[in-house]
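# Overview (structure and organization)
Listed below, chain by chain, are the residues.
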Amino acid sequence: MLFSCVSDAVREKFIDVSHQAIESTCFPHSLGFRSQTLKLRFVSPEDEGSFLPPRQSFGRVLQNFEERFQSQLPKPVYYQAHIGENVSLIYAPYYLEGRLYDAVLNEPTAKEVPEDIENMMAGGTRPNWHLEFLSTLCPNCGWDLEGEKDSLVLLCRNCNSAWQPGKDRLQRLKFGQIAAADDQNIIYLPFWRIKTDITGINLDSYADLVKVANLPRVVQDHWHGIHFCFWSLGFKIRPQTFLPLMTRVTLSQPQEPLVAELPNGDLYPVTLPVEEAVEGLKITLANFIVPRNVQFPRLHEIKITPKSYLLVYVPFIKDHHNLTQPLFKLSILKNQLKLAKNL
Ligand SMILES: [Zn+2]
């Protein structure tokens, strides 16, 4: 998801693009829709062929994309954030038989074959990557951990713990839940509560939030003592929904007591890592500070440093089409989430 602050609006865009990682005119610049329509599988040492090493860094390619998308936006662009990006290096197959063939279609490509193609192909290597596996037994008690296929966090119902993959082992994760009165017809969605240091704007307490967002509430004395936290979604959803939801929860500043126990009800998998959630903090701030025409040009002066985070499961009531959270006045269309059939 790419978010951009321009004039007095935050524009959002979902991006799924690819760009050639070598520098050659005989191969296409982009995979087009192939990266979405063809099934990808991991490269293994058994795979035959010559794998050309990437010649352009991801940073360079990303810069290309940014310039391309910025050209479609009104100027100036005050701030941009990428959230939830998933970067993959994809190898596309070609072969040489007099001409250069696209090995997916088994058809010759239209491009001229350059004279140094043999040299170029000789510069390729055999793959020597392999997948590494982590045991999904609870490091604390040895019980089977549970989690959906795409979940970034695995849970132990036996010793009531949550785990996320670290470099070569699972790491324990602090979590809490806002308890529901009863778990009937409830699904818990994961959120990240993130404590930060903010400079460049006065936003330490709930009272400060009411002021900078110009919320229609009368500041009460004890609100100066309520520490401001960002709340981010812990799951991916389309960008048109992502930012409004994140903004709404952050403006609500939930103060409900948190219980450090896993909920008994259905849990939605964590699919947005906290590192990516952090990328969304400033754009959330940009989405609620007013007036925008004064604040947007000052965005570059504002610095947000994450200090600590907590995974919080928030109960939502399931109805026919929606999941709703009455306390924070949140409603999410069910068809925007990847829910199991029986939910
Ligand atoms: Zn355990």
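Let us now look at the overall build of the protein chain. The number of helices and strands found in the protein chain is eight helices and 16 strands. Across the 343 residues in the protein chain, those meeting the buried criterion constitute 21%. Summarising the internal contacts of the protein chain: among those between residues at least 6 apart in sequence, 68% fall at separations of at least 24.

Further remarks concern the sheet that holds strand β7 (residues 154-156). The sheet built from three strands is open, its strands ordered β7-β8-β9 with antiparallel pairing. A strand with exactly one partner marks an edge of an open sheet, and here the two such strands are β7 and β9 (170-173). Pairwise comparison of adjacent strand axes, ignoring direction, gives a mean angle of 35° for this sheet. In the sheet, β7 pairs with strand β8 (residues 161-165) via three bridges, with the strands oriented antiparallel. By the bridge assignment, C156 is partnered in β8 with S161.

So, about the domain arrangement of the protein chain. Under the domain assignment, the protein chain is made up of domain 1 (2-122) and domain 2 (174-336). Taking only C-alpha atoms, the centre of domain 1 and the centre of domain 2 are 34 Å apart. Facing the 13 residues of domain 1 at the interface are 18 residues of domain 2. Of all the elements in the fold, those that place two or more residues in the side of domain 1 that touches domain 2 are β1 (2-6), β2 (9-13) and β3 (77-82). When residues in the side of domain 1 that touches domain 2 are grouped by element, the largest group, four residues, is from β3. Looking at the side of domain 1 that touches domain 2 residue by residue, the class counts come to eight nonpolar, two polar and three charged.

Let's shift gears to the sheet that holds β3. Ordered in space as β2-β1-β3, the three strands form an open sheet in which the pairing is antiparallel. The sheet is open, and its two edges are formed by β2 and β3, each paired on a single side. Here the strands of the sheet are splayed against their neighbours by 20° on average, with no regard to which way each runs. Relative to β3, β1 is paired through five bridges, and the arrangement is antiparallel. Of the residues in β3, the one forming a bridge with L2 is H82. In the packing of helix α5 (residues 239-252) onto the sheet, the strands contacted are β1 and β2, and the crossing angle to β2 comes to about 135°.

With their axes 9 Å apart at the nearest point, α5 and helix α7 (residues 281-288) run at an angle of 75° to one another. With respect to α7, the element α5 is oriented roughly perpendicular. For the pair formed by α5 and α7, the contact residues are L243, M246, T247, T250 and L251 on the first element and I283, T284, N287 and F288 on the second. When its residues are assigned to classes, the contact of α5 with α7 shows five nonpolar, four polar and no charged.

Generally, phi is negative for residues other than glycine and the peptide bonds are trans, each holding for most cases. That bond from K75 to P76 is cis: its omega, -5°, falls within 30 degrees of zero. Each neighbour pair has its own omega, and for V290 with P291 the value is -10°, a cis peptide bond. Along the chain, P291 falls in the loop between α7 and α8 (292-295). With a phi angle near 60°, N160 is a residue other than glycine that sits in the positive phi range. Overall, N160 belongs to the partly exposed group, with 13 C-beta atoms counted inside 10 Å.

Each value, and the rule that gives it
- Residues numbered from 1 in each chain as written.
- Predicted model: local features only at pLDDT ≥ 70, side-chain atom pairs only at ≥ 80, totals over all residues.
- Helix = DSSP H or I, 4+ residues; strand = E, 2+ residues; numbered from the N terminus.
- Buried ≥ 20, exposed ≤ 12 C-beta atoms within 10 Å, placed from the backbone.
- Contact = placed C-beta atoms within 7 Å.
- Pairing = 2+ DSSP bridges.
- Axes fitted to C-alpha atoms, helices over the stretch in contact; angles between N-to-C directions.
- Domains from an automatic or database assignment.
- Nonpolar A, V, L, I, M, F, W, Y, C, P; charged D, E, K, R; others polar.
- Parallel < 35°, antiparallel > 145°, perpendicular 65-115°, else oblique.

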